[in-house]
Each structure stands twice: as structure tokens, then as C-alpha cells.
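Overview (structure and organization)
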Amino acid sequence: VRDFGAVGDGVTDDYDAMQAAASYICANGGRLVYPHGVYRINRYRIDGGPDKNGVGNIQYSNCNNVSILGQGAKIDLKGDFKRTADYQDSGNLWHSYRNAVIPFDMGVSSQFRIDGFEVNGNVDQMTRDVNVVEEGGYGIRTNQCRNFVVSNSYLHHLHCDGIYIAGYHNGSIQVPDSNAYFYNVTSTNNARQGLTIIRLRGGLFISCNFNNTGRTGGAYGNHAPSAGVDVEPPFVASPAPLLAGDLLFTLCSFEENLGFQFVMDSGTVDSTNVVGCYIQKTLTGNGESRNVYLLGAAFARTEMCVFQVANGSLILLHTSDASLYNTVTSAVYANNVFNLTAAGSISSTALSRLPIEFSNNAVN
């Protein structure tokens, strides 16, 4: 990246160099290396209105068979600006034209690897007008991507999600991303989500940590749902296709997020397994959700996990939405440890109507 003019001293604005390097590697293939250093993006996007500035995300488009390697590199995003309430949508939600640059905006790409980066969104330096929604302040976003790896990376203090896996949609056309592998990735202290999945078929998450979402520091605060991991509905007409599934989370942790630690209740998710993971919710206070865990896939398995919950926190065994009952085929909880201190509890809505197997679990 220094061949394109990046300095990496934490002061110089390396935005132009990073954009040029992304364009080059996508056109030519190979490896893009970020040597040890702090690569500052000292600008932010203003996407509309009279102050529109033409700044975009660091866009990797049609980027195939490439490696993007951070050798101890930190990407430091500009956070000291205000997200102003610029316009309202038809639902009366306030939006801002002002958003941080996404440093890895991956589109229509395959066989790529992102490894060895820290991304700091500096949301603790940011402010916003009351009721402004989150927009697209992500660390990594994928759209129409397949067969890719993200590893050994640390994403924190983004004003939206650490990672956003969207797939593609255009009206009734819905295409999921596919075959994503995440290893040793930590996403923490982000404002809205550690990881959001909208459309993904085939996802393996090993030794990843999704912690402290919503705990951003400073004056910015958080955005709902403030979950560690949230597999969200794709907002298409019912009945929706199964746009996410074949997901495995293993040896991961979900800890002290302001909202759910892990939630999936969309009715559009196929097979999902959570195995050998640690789930903790013990903190209470202003804005804290007591909901801990909800795995509402058609085929759902939670096995060999440890739950440490307290202060009235609630583990939901499956979907809380009766309209989704007909999508549930199997829900298994086996060989888990539930430490339900200080009035924590396990619950299921209309248990007799859902095919739930609860076996060989220790409940303390």
C-alpha cells in the first residue's frame, strides 16, 4: 500500500492511497500488503445535501483471487464528527448524510482473504443528533461475495456493525453470499452489532469473539438491537426463501452485549449450529436487554456451550413468534451448562408446539 503513497504514521490521511491500492489489486490480482503502521482515514462521507463531498468507501469491486494482508496494521477511521439529522424517511426515521468510511467494502468478489488488521472506528469521539439511525458505518461489508476468508482481525468502535454480510437484493431478486470462513476475529464495542448476517449460505466462525456491543464510550451511545450476533430477516414478502443457513459457530464467545448475545428469529434461516461456545450476560443497567440467546433456525443445534447469566436474564430456547412455528423442524440443546445465577431463566413459548429436544444439560 505504500507503493501508492500511504504513509502509515497515524497522522497523514492515507485515504487516496488506500483507494488507489484497492482499485489496483482488484484489476490485477495478487497480494496487497499493509506493513506495520497506523493508516489514518482522516475524512468521512457526506452522501447528500448541499455539503456532499464525494468521499466513498474503500471499494473492492470484482476482486477475485486476492489477499489483503495487514502485517500488524491498524486502520484508524475519522470519528470526531457529528452525524446530524438531515432528512426523514416515510417511516419518520431520521437519517444522516454523514457517515464513516467503510475500509473494506467488498462487492461481487470471490476467493479473497482479509488477514491481520485492526480497524478502529473511533465512535467514542463521535456525536449524533437525537433519533438518528445507524446507516452504513461498518468495518467489513460483503455484497455478492463467495468463498472468502477473514482472519486474525480486531474490529471495534464502529458506529454501526463490525461485520455486515448482506448478500444481494434488488426488489424480488435475492442472492445470498456463500462460503464465508471467519477465524480468530474479534468484533467489540460497536454501536449496533458485532456481526449482522442477512443473506449467507455456508458460514464457518471459529474462535471469534462478539462482545460489548452498544458499549461505545463517549457521548454517541448505541443503536438497537445492540446484539453480539444477529441473523436478521431480509425484509422480503412472506413466505421468504431460506436466504441464510448452513452456519456453524464453534469455540466463539458472546459476552456482555447490550442486547441479545446471539439472536436469530427471522423465519428465513436454515441449519445453524452453535457448538462449544461461551455466552455471558451478567451486567445490568440503563438500556440493558435481559434477553440472552435465541436460536430460531429451522434446524437448530446448541451443544457443549456454557451459559453464564444473571440478574433476571432470559434464555429463549427457540422462536418467540408463533407465525414461524411451521418453519421449525428440529431444535436441540444437548450437553450444555446453564449457570443461572441471580434469577436467570430458560424459557420457551408454547413449548408443546415446538419440536425441542433438551437433553444431558446441567442447569445450576
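An account of the accompanying structure is given in this report. The residue count restarts for each chain, going from 1 along the sequence in the order it is written. The predicted origin of the model limits local features to residues at a pLDDT of at least 70 and limits the giving and counting of side-chain atom pairs to 80 or more, whereas totals for whole chains, interfaces and linings rest on all residues. Only hydrogens and water are set aside when side-chain values are computed; all heavy atoms of the structure are taken into account.

Within the protein one finds 1 helix and 37 strands. Computation of the radius of gyration draws on C-alpha atoms alone. For the globule rule, the value is 2.2 Å times the number of residues to the power 0.38. In terms of overall dimensions, the protein is globule-like: its C-alpha atoms have a radius of gyration of 20 Å, near the 21 Å expected for 364 residues. With a 1.4 Å probe rolled over the protein chains alone, any residue whose accessible area is under 20% of its type maximum counts as buried; one over 50% counts as exposed, and the rest are partly exposed. Buried residues in the protein amount to 55% of all 364 residues. In the protein, once contacts between residues fewer than 6 apart in sequence are set aside, the share between residues at least 24 apart is 78%. Under the DSSP-based scheme used, a helix requires at least four consecutive residues in state H or I and a strand at least two consecutive residues in state E, with every element numbered from the N terminus. We call two residues in contact when some of their heavy atoms are within 4.5 Å.

If you walk across this open sheet you meet the 10 strands as E5-E11-E14-E16-E20-E23-E26-E29-E32-E35, and the pairing is parallel. A single partner strand is all that each edge strand has here, and the edge strands are strand E5 (59-61) and strand E35 (345-347). Going from strand to strand, the sheet's axes swing by 15° on average, the running direction of each strand aside. We treat two strands as partners when DSSP finds at least two bridges between them. Every axis in this analysis is a line fitted to C-alpha atoms, fitted for helices over the stretch in contact. Angles between the N-to-C directions lie between 0 and 180 degrees.

A word on the environment of Asn179. Tracing the backbone through its elements, the reader meets Asn179 in strand E19 (residues 177-188). With a relative accessible area of 44%, Asn179 lands in the partly exposed category. Considered as a pair, Asn179 and Phe148 are 31 residues apart in the sequence and their alpha carbons are 6.7 Å apart. Residues within four places of Asn179 in sequence aside, it is in contact with Arg146, Asn147, Phe148, Leu200, Arg201 and Gly202.

In this section: the pairing of strand E30 (residues 299-303). Sheet topology note: the strand E27 (residues 272-275)/E30 ladder contains 4 bridges and is parallel. When the sheet's bridge partners are listed, Thr272 is paired in E30 with Ala300. As paired elements, E30 and strand E33 (residues 330-334) share 5 bridges and run parallel to each other. Residue Thr302 lies in a different strand from E33, and its bridge partner there is Tyr333.

In this section: the side chain of His223. With respect to the helices and strands, the residue His223 is situated in the loop between strand E22 (209-211) and strand E23 (227-231). Every residue in contact with His223, bar those within four places of it in the chain, is listed here: Arg83, Arg128, Val132, Val133, Glu134, His159, Ala191 and Arg192.

Buried Ala, Val, Leu, Ile, Met, Phe, Trp, Tyr and Cys residues form a nonpolar core when they are joined through side-chain atoms within 4.5 Å. Among the nonpolar cores identified, the biggest contains 77 residues, and Tyr60 and Phe249 are the most heavily contacted of them. Counting residues per element, this core draws most heavily on helix H1 (residues 15-28), which supplies 7 residues. Ile46, Phe81, Val123 and Ala191 belong to the second largest nonpolar core, which has 8 residues in total.

This part takes up the environment of Glu134. Tracing the sequence through the fold places Glu134 in the loop between strand E13 (127-128) and strand E14 (140-143). Distance from Glu134 to Phe299, taken between C-alpha atoms, is 31 Å for residues 165 residues apart in sequence. The contact partners of Glu134, leaving out residues within four places of it in the chain, are Arg83, Asn99, His159, Cys160, Arg192 and His223.

With that settled, consider unusual backbone geometry. Most peptide bonds take the trans configuration, and most residues that are not glycine carry a negative phi. A cis amide bond links Ala224 with the next residue in sequence, Pro225, at an omega value of 10°. Along the chain, the position of Pro225 falls in the loop between E22 and E23. Positive phi is not limited to glycine here, since Asn122 has a value of about 55°. Looking at the element boundaries, Asn122 is found in the loop between strand E12 (110-120) and E13. Given the relative accessible area of 5%, Asn122 is considered buried.

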